[in-house]
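# Results of the structural survey
Listed below are the residues making up each chain.
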Amino acid sequence: MSSRLPSSPTCFPSSVLGTGLIEQGCLAHSASHTTLDPSEVKRFQSLASKWWDEQGEFGALHAMNDLRVPFIRDNLLNVHRGHQPGKPLAGLKILDVGCGGGLLTEPLGRLGADVLGIDPVADSIGTARLHLSHDSVLGARVRYRACTLEELSAEGEEGEEEEGVGQFDAVVASEVVEHLADLETFAFCCSHVLKPGGSLFITTINKTNLSYALGIVAAEQLLRIVPRGTHDWEKFISPVELERLLESNGFSVQSIRGMLYNPVSGKWSWTDSTAINYALHAVKLIEEPQPDRAQADNPDPEYRAHAASTHN
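What counts as what
Residues numbered from 1 in each chain as written. Predicted model: local features only at pLDDT ≥ 70, side-chain atom pairs only at ≥ 80, totals over all residues. Heavy atoms only, no water. Pairing = 2+ DSSP bridges. Helix = DSSP H or I, 4+ residues; strand = E, 2+ residues; numbered from the N terminus. Axes fitted to C-alpha atoms, helices over the stretch in contact; angles between N-to-C directions. Expected span 1.5 Å × (residues − 1). Bend = angle between axes of the 7 residues up to and from the residue. Core = buried A, V, L, I, M, F, W, Y, C linked by side-chain atoms within 4.5 Å. Buried < 20%, exposed > 50% of the residue type's maximum accessible area, 1.4 Å probe, protein only. Contact = heavy atoms within 4.5 Å. Salt bridge = Lys/Arg side-chain N within 4 Å of Asp/Glu carboxyl O.

Pairing in this open sheet of eight strands is mixed, and the strands run 3-2-1-4-5-8-6-7 from one edge to the other. Strands with a single pairing partner mark the edges of an open sheet, and in this sheet they are strand 3 (142-145) and strand 7 (267-271). Between one strand axis and the next, the sheet turns through 20° on average, direction left out of account. Two strands pair when backbone bridges link them, and strand 6 (residues 251-262) and strand 8 (residues 277-284) are joined in this way by eight bridges, in the antiparallel orientation. Residue pairing in the sheet places Val253 in a bridge with Ala282 of strand 8.

Given below as structure tokens:
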């Protein structure tokens, strides 16, 4: 996967194609492109039984819930007001992409949301379902499926159950995009499964020299916080590139916040710097922008070149 913007056309606004053609386009796009990286699937397959070991390979992800759960909750409450105390996300449908063993899926369900967790690693879904089986109350709000985002996105266009098309109030992809094979397909399908005005939440790793030194050399090779080979620096993406990609797929980025992990305390904290880890909140535009206007308003030559190649 390259973090650079692709030059081939993949997404057209509804003002140009109309809703029906948008749906056909998404189906064709999902069929010909995949977010799946076989090497990543193999790697996580070997770790599928270890998701709920807080002292093991996923310990840092368990600790990250202290930041990412409130980040998702508070931003959703800014958009959806009037929810009941104790279950602030009640009535909202959330899709957790790359959910693994359900480390983030379950906390979101406890906040009252109806959550669907998806992951291409069937054994990880098995682990998630097994852990969920111990809580019958939570089991009424949380479900899991072994599938990819593009497979879910294509549902409803092939006469199947319309679970994926414009059904979700929020999509969450936490520590996922740095493992994907095709970010353009990811952004395209996220927009497709979201309701207009829906939220997209991403946490990932910036592509900087510091992220290589700390995220790979220190975290994997020296401190062994995560298994060696977990990350590929070439797959990291900067906040600027990610924002550009999302805006070209009909999103408006609302906030970006830096995150910092302390390996001594095992805790995460917010920071002004996005040089290593960061969290992003974007909203799907209710009315998709005219490409020519977006191009004219953005002085960045790289953005203009991408917009021109996409819409010619």
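Attention shifts here to helix 4 (residues 59-79). With 21 residues, helix 4 ought to run about 30 Å at 1.5 Å a step, and its terminal C-alpha atoms sit 31 Å apart, in line with that. Along its length, helix 4 reaches its greatest deviation from straightness, about 45°, at Asn65.

Grouped together as the largest cluster of nonpolar side chains are 36 residues, with contacts concentrated most on Leu76, Leu89, Ile94 and Leu108. Counting only elements with at least two residues in this core, the list comes to helix 4, helix 6 (122-132), strand 3 and strand 4 (168-174). With nine residues, helix 4 is the single largest residue contributor to this core. Once residues within four sequence positions are removed from consideration, Leu76 is found in contact with Leu89, Leu92, Ile94, Ala170, Ser199 and Phe201.

Another point: the pattern of salt bridges. Side chains that differ in charge, positive against negative, can pair when their charged atoms come close. If you walk through the whole model with that rule in mind, you get nine salt bridges. The residue Lys195 makes a salt bridge to Asp169 at a minimum N-O spacing of 3.3 Å. Of this pair, Lys195 sits in strand 5 (residues 194-205) while Asp169 sits in strand 4, and the two are 26 residues apart along the sequence. Classification of Lys195 as partly exposed rests on a relative accessible area of 31%. A residue is classified by how much of its surface remains accessible, and Asp169, at 8% relative accessible area, is buried. Shared partners join several salt bridges into a network, and the residues in it are Asp37, Glu40, Arg43 and Lys235.

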